[in-house]
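# Working through the structure, step by step
The chain contents come next:
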Amino acid sequence: MALLFETLVQGLLIGSGYALIAIGMAVVYNVSGILNFAHGDFITLGMYACLALLLGFGVGPYIGLFLVTPAFAILGILFYLGLIRPLQDTNMLMVVQITLGLTFIIQNLILYAFGSIEQVVQTPISAVLLHLTDRFALRLTGVIAGGVSLGLILGLYVLIQRSDFGRAIRAIHQNPRGAAVCGIDVARVRAATFALAFAVMGVASCILAPTQPFVPGGGLMISVTAILVLILGGLGSFHGTLLGGLVVGLSQTVGTVYLGGTLGLALPYIIFVLVLLFRPGGLVGGRSLA
Amino acid sequence: MSAPAPRFTAATRTALVQIAVFAVLVAFLPFVLRGYHLSIATTTLLLAGLALSWNVIGGIGGQFSLGHSLFIAAGALLPAAFGIHHGLNPWAGLAIAAALSAVLGAVIAWISFRFDLPKLTFALITLALAEIGLILVLNIRYLGAADGLVIRRDSGSGIAGFDFSARGSYWLALAGVVAGLVIVLWVLHSRLGYYLRAVHIDDRMAQATGIDTLRTKAAGMALSAAMTSVFATMYAQYMIYVDPHAFASPLLVIQMVLFCSIGGLGTLWGPVLATAILVPVGEIARGMLGGTASGMHFVIYGVLIVIIILFMPDGLAGGLARLRARLVRPPRGTVSER
């Protein structure tokens with residue numbers, strides 16, 4: 001019973017991190033219709049930015065967050081203006097390919113600057129453990145990451161559901177032309193949304209950097225996980241993404257603890273395939289995916 | 001029912017001549033290139049073959065399979081494992097792996113049909129299957145697990161034992177690419193090709209016009225899978241060492257998709273053209289920067305991809321066609337407009 005509790009808590013913490021990573025991707029998708037394969041590489045870039053701040057200036061990730069996040073927002077606007085907007089009216093597929101090209105660039109620039117060794121961002125609280133029971137403890141950094149993730153997701157949800165900015169985003173998602181007719185400056189909202197999404201990615205990379213070791217080439221795996229979470233939940237659905245993240249996180253820990261070995265590692269993917277076979281639109285949302 | 005599909009048109013004849021010219025010209029490269037540069041050329045040909053294979057179902061048929069790493073893994077690992085454990089001849093291994101890949105491809109196509117998967121879902125389910133495949137490979141001792149396999153070969157066994165010299169490997173790869181081009185040309189002008197393109201444009205519409213979409217997808221997928229497997233076998237036998245992280249992960253597939261999209265989806269020459277530009281540039285840059293700046297050649301490679309897409313959003317084949325149309329004003333066309 002205790003083991004089950006521990007497994008579930010770990011799964012939820014990991015899963016909320018996945019959900020946060022996927023949310024950034026979801027926001028970009030919603031406003032531009034693009035699955036950004038370089039997403040994970042941007043997250044990795046953020047983690048290395050934290051490392052650089054720590055090594056170069058002694059600034060820890062929880063303070064570095066306030067530098068990385070605005071920098072990422074600007075990066076998001078540049079990304080939109082430089083690569084996405086010029087290709088807005090062309091084949092969507094080519095935009096996906098351009099993000100793949102970007103993957104090569106970011107990964108290898110990081111490799112060039114930092115080398116291929118696995119890195120961790122150490123913080124003063126890295127060794128702090130929270131004891132839930134006598135035998136079971138959680139790392140404080142992990143709890144912070146999980147908590148901030150859930151809080152941020154909730155904040156984004158309120159922003160997108162309740163504010164005019166959020167309404168504009170949703171309007172563009174539904175029908176860009178219609179939104180423009182209603183007086184929404186589509187290009188500006190899109191640029192702002194990219195800034196928002198990248199800011200979220202910046203926060204995600206800073207709070208996740210102390211929780212796990214990272215390598216320059218790890219971005220693709222992060223992107224793949226984020227895409228799986230996104231699709232599993234149902235593209236365009238906020239609850240779905242959160243749910244998808246939690247399902248992937250839980251299936252990972254449950255698979256590793258209870259099944260072990262090959263089957264345990266493959267469990268998240270098996271669940272993904274089964275869910276999509278019977279609900280091609282994801283857990284939340286219909287069969288509308290085209 | 002059996003209305004003959006248009007077979008030998010002027011367009012096919014031109015394409016066949018192009019392929020023949022390509023084959024003859026490229027066959028002379030080993031007399032000019034040596035050692036390292038020859039190995040780059042061989043790798044380029046093998047990757048072009050893989051891109052051609054994916055093009056059949058992904059480019060022509062519009063079925064965006066990211067699960068082709070399963071077929072690559074089968075083609076690379078099975079003949080190697082059979083050879084190590086049972087002493088099986090690589091050619092037999094090649095054939096078995098290709099047949100298994102074809103069956104697996106048809107099964108995946110059937111699943112996609114049976115559950116009526118939308119395109120994006122299909123892409124991601126095949127990606128998940130690929131990840132499951134990688135996890136399996138990394139945990140099966142027979143297939144070398146995470147260590148990979150080192151191909152054992154009787155030296156001096158010649159063609160029958162898949163023991164090729166550097167030049168021999170190159171010509172084998174070239175023969176594969178030429179065969180692949182002919183197959184793609186055949187597909188483009190066959191009933192299967194027309195059906196695949198119909199499915200690409202609109203699945204339901206194709207079904208409504210009486211096309212058996214399941215058979216079309218299954219045939220296209222099986223052909224693409226078998227071709228992929230054959231090129232993977234050649235690649236693995238050429239490399240000697242089969243690294244599961246290269247041959248069973250989606251990395252190679254991503255490159256195949258990239259080459260096809262950048263070259264021009266569903267075109268005959270696009271995938272070969274894109275591979276022939278991107279791979280040598282990346283490799284030569286690696287050679288020049290290798291010691292001082294590891295990884296920088298991939299940056300150049302990435303920048304090249306981004307630039308090509310920004311300037312030719314419909315791929316090299318489309319971009320070049322437009323360029324030619326602009327440079328060569330067709331005199332006859334203007335006359336006929338009167």
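Conventions we followed
Residues numbered from 1 in each chain as written. Chains lettered and ligands numbered in written order. Predicted model: local features only at pLDDT ≥ 70, side-chain atom pairs only at ≥ 80, totals over all residues. Helix = DSSP H or I, 4+ residues; strand = E, 2+ residues; numbered from the N terminus. Rg over C-alpha atoms; globule rule 2.2 N^0.38 Å. Buried ≥ 20, exposed ≤ 12 C-beta atoms within 10 Å, placed from the backbone. Contact = placed C-beta atoms within 7 Å. Axes fitted to C-alpha atoms, helices over the stretch in contact; angles between N-to-C directions. Parallel < 35°, antiparallel > 145°, perpendicular 65-115°, else oblique. Nonpolar A, V, L, I, M, F, W, Y, C, P; charged D, E, K, R; others polar. Core = buried A, V, L, I, M, F, W, Y, C linked by C-beta atoms within 7 Å. Expected span 1.5 Å × (residues − 1). Bend = angle between axes of the 7 residues up to and from the residue. pLDDT = per-residue confidence, 0-100.

What follows deals with the overall build of chain B. The helix and strand tally for chain B stands at 15 helices and two strands. For chain B, whose C-alpha radius of gyration is 21 Å, the value lies close to the compact-globule estimate of 20 Å for 338 residues. Projecting the C-alpha coordinates of chain B onto the three principal axes gives extents of approximately 70 × 50 × 35 Å. Residues counted as buried form 50% of the 338 residues belonging to chain B. Considering only contacts in chain B between residues 6 or more positions apart, those separated by 24 or more positions represent 78%.

Now for the overall build of chain A. When helices and strands are tallied, chain A shows 11 helices and two strands. Listing each helix as α and each strand as β along chain A from the N terminus yields α-α-α-α-β-β-α-α-α-α-α-α-α. Computed over its C-alpha atoms, the radius of gyration of chain A comes to 19 Å, within 12% of the 19 Å expected for a compact globule of 290 residues. Dimensions of chain A, computed from the C-alpha atoms along their principal axes, are close to 60 × 50 × 35 Å.

A word on the packing of helix α12 (residues 270-289) of chain B against helix α14 (residues 315-327) of chain B. Residue and element names in this part refer to chain B. Orientation of α12 relative to α14, taken along the N-to-C sense of each, is 100°, at an axis distance of 7 Å. Relative to α14, α12 is oriented roughly perpendicular. Of the residues in α14, those touching α12 at Gly270, Leu273 and Ala274 are Gly315, Leu316 and Ala317. Of the residues assigned to the contact of α12 with α14, the class counts are four nonpolar, two polar and no charged.

So, on to unusual backbone geometry. Across the chain, the bulk of peptide bonds are trans and the bulk of non-glycine residues have phi less than zero. The phi dihedral of B:Ala145 is positive, around 45°, even though this residue is not glycine. Examined against the element boundaries, B:Ala145 turns out to sit in the loop between α5 (119-139) and β1 (149-150).

Take the interface of chain B and chain A next. At the junction of the two partners, chain B supplies 34 residues and chain A supplies 34 residues. Counting only elements with at least two residues in the side of chain B that touches chain A, the list comes to α5, α11 (251-263) and α13 (296-311) of chain B. Ranked by residue count, the leading element in the side of chain B that touches chain A is α5(B), at 12 residues. Class assignment for the residues of the side of chain B that touches chain A results in 26 nonpolar, six polar and two charged.

Moving on: the nonpolar core. In this structure, A:Ala22, A:Cys50, A:Val200, A:Leu228, B:Ala76 and B:Leu77 are the most contacted members of the largest nonpolar core, which totals 203 residues. A total of 15 residues in this core trace back to one element, the largest contributor, which is helix α9 (residues 213-239) of chain B.

Our focus in this paragraph is helix α11 (residues 261-278) of chain A. For an α-helix the count is 3.6 residues per turn, leaving residues at separations of three or four pointing the same way. Residues and elements named next belong to chain A. Between the first and last C-alpha of α11 there are 27 Å, a value that for 18 residues agrees with the 26 Å anticipated at 1.5 Å per step. Where α11 bends most, the angle comes to about 50°, and this point is Leu267, followed within four residues by the proline Pro268. Considered for burial, the residues of α11 that qualify are Leu265, Ala266, Leu267, Pro268, Tyr269, Phe272 and Leu276.

Glancing now at the environment of B:Ala248. All names here are of chain B. Tracing the sequence through the fold places Ala248 in the loop between α10 (244-247) and α11. On a C-alpha basis, the gap between Ala248 and Leu77 in space is 8.7 Å, while along the polypeptide they are 171 residues apart. Discounting residues that sit within four places of it in the chain, Ala248 has contacts with Ser69, Ala73, Gly133, Leu134 and Val137.

Taking 1.5 Å as the rise per residue, α14(B) with 13 residues should run 18 Å; its terminal C-alpha atoms sit 18 Å apart, in good agreement. Among the residues of α14(B), those classed as buried are B:Gly315, B:Leu316 and B:Ala317.

Glancing now at the packing of helix α1 (residues 2-32) of chain A against helix α9 (residues 219-233) of chain A. When two helices pack together, you describe them by how their axes are tilted relative to each other and by the distance separating the axes. Residues and elements named next belong to chain A. Running from amino to carboxyl end, α1 crosses α9 at an angle of 80°, the nearest separation of the two axes being 8 Å. If you check the angle between α1 and α9, you find them roughly perpendicular. Where α1 approaches α9, its residues Tyr18, Ala19, Ile21, Ala22, Met25 and Ala26 are matched on the opposing element by Ile222, Thr225, Ala226, Val229 and Leu230.

Turning our attention to the confidence of the model for chain A. Low pLDDT marks regions whose predicted coordinates should not be analysed in detail. When pLDDT is averaged across chain A, the result is 88; 98% of the residues are at 70 or more. Per-element averaging of pLDDT across chain A places strand β1 (residues 129-131) of chain A at the bottom with 82 and helix α2 (residues 39-57) of chain A at the top with 94.

Right, let's talk about the confidence of the model for chain B for a bit. All names here are of chain B. Across chain B, pLDDT averages 86, with 93% of residues at or above 70. When mean pLDDT is compared element by element in chain B, α9 scores highest at 94, while helix α15 (residues 331-336) scores lowest at 46. Scored by ipTM, the complex comes to 0.81, with pTM at 0.86.

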